[in-house]
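One letter stands for each residue in the lines below.
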Amino acid sequence: MLRILTAVILLIAGLAVFAQVPDFNMQTAEGKNFSLDSIHTPLTLLYFQDPDCDMCHAVTDSLNRSAVVREAVAGRRLTVLTVYVGDDRQLWESTLNRFPEEWTNVIDATFSSLDKFTYSAPPALYLSSREKGLLLTESSVRDVLSFLEKAEN
């Protein structure tokens, strides 16, 4: 049923799954390895961010204020995965309080995602399905929210 719903949403949105989300090396603040395979919600928002990026702060605020994001996360239909691609673990850990505690925050200190994703600079938003198919790439907050609103209705 969920696959049919996803296909209908994609058809309505005029989008197609055109690639798989590649896994990469991530760690949690507790130092545990993290994998995309551990995410089981129907949708995952990969949010590549940098603590020193003003645009990232604006994206975080917009996503955090969005009722559709909050409701989808609370309903376990969406995982928001913030990914810091950098090697300043201390800086990253000191800024984790900027994100809602319902979001999952990881660090890619080995920069392994840079070989697999084509964004030029943070913030970069990618939306994927449960099957890890890419639904949106390098999208704006507006595009992500529009997609989520269609998916929720």
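Just above sits the structure.
A. Highlighting the pairing of strand S5 (residues 104-107). With four bridges joining them, strand S4 (residues 78-84) and S5 adopt parallel strand pairing. Residue pairing across strands places Leu 81 opposite Thr 104, the latter belonging to S5. Following the chain from S4 across helix H4 (residues 89-94) to the adjacent parallel S5, one finds a crossover that is right-handed.

B. Expanded view of helix H2 (residues 54-65). In this model, H2 (twelve residues) spans 17 Å end to end at C-alpha, consistent with the 16 Å of a helix rising 1.5 Å per residue. For H2, the complete set of buried residues consists of Cys 56, Val 59, Thr 60 and Leu 63. Down the axis of H2, the buried side of the element spans an arc of 100 degrees, and every buried residue falls inside it. Exposed residues pointing more than 90 degrees away from the buried face of H2 are listed as Asp 54 and Arg 65. Along its buried surface, H2 packs onto strand S3 (43-49), helix H3 (67-74), strand S6 (124-129) and helix H5 (141-152).

C. Summary view of the nonpolar core. Leu 45, Tyr 47, Leu 63, Val 69, Leu 78, Leu 125 and Leu 127 are the most contacted members of the largest nonpolar core, which has 29 residues in total. Once residues within four sequence positions are removed from consideration, Leu 78 is found in contact with Thr 41, Leu 43, Thr 44, Leu 45, Val 69, Ala 72, Val 73, Leu 127 and Leu 148. Phe 34, Leu 46, Phe 48 and Val 83 belong to the second largest nonpolar core, which has 17 residues in total.

D. Main features of unusual backbone geometry. Between Pro 122 and Pro 123 the backbone carries a cis peptide bond, its omega angle lying at 0 degrees. Note that Pro 123 resides in the loop between S5 and S6. Positive phi outside glycine occurs at Arg 76, with the angle close to 60 degrees. Locating Arg 76 in the fold gives a position in the loop between H3 and S4. Although it is not a glycine, Phe 111 adopts a positive phi angle of roughly 60 degrees.

E. Expanded view of the pattern of salt bridges. Evaluated as defined, the whole model comprises one salt bridge. Among the salt bridges present, the one from Glu 93 reaches Arg 89, with a minimum N-O distance of 3.0 Å. With Glu 93 and Arg 89 both in helix H4 and four residues apart, the pair spans about one turn of that helix. Arg 89 gets classed as partly exposed once you look at its relative accessible area, which sits at 24%.

Conventions we followed
Residues numbered from 1 in each chain as written. Predicted model: local features only at pLDDT ≥ 70, side-chain atom pairs only at ≥ 80, totals over all residues. Heavy atoms only, no water. Pairing = 2+ DSSP bridges. Helix = DSSP H or I, 4+ residues; strand = E, 2+ residues; numbered from the N terminus. Right-handed = clockwise from strand over helix to strand, strands pointing away. Expected span 1.5 Å × (residues − 1). Buried < 20%, exposed > 50% of the residue type's maximum accessible area, 1.4 Å probe, protein only. Arc of directions from axis to C-beta. Contact = heavy atoms within 4.5 Å. Core = buried A, V, L, I, M, F, W, Y, C linked by side-chain atoms within 4.5 Å. Salt bridge = Lys/Arg side-chain N within 4 Å of Asp/Glu carboxyl O.

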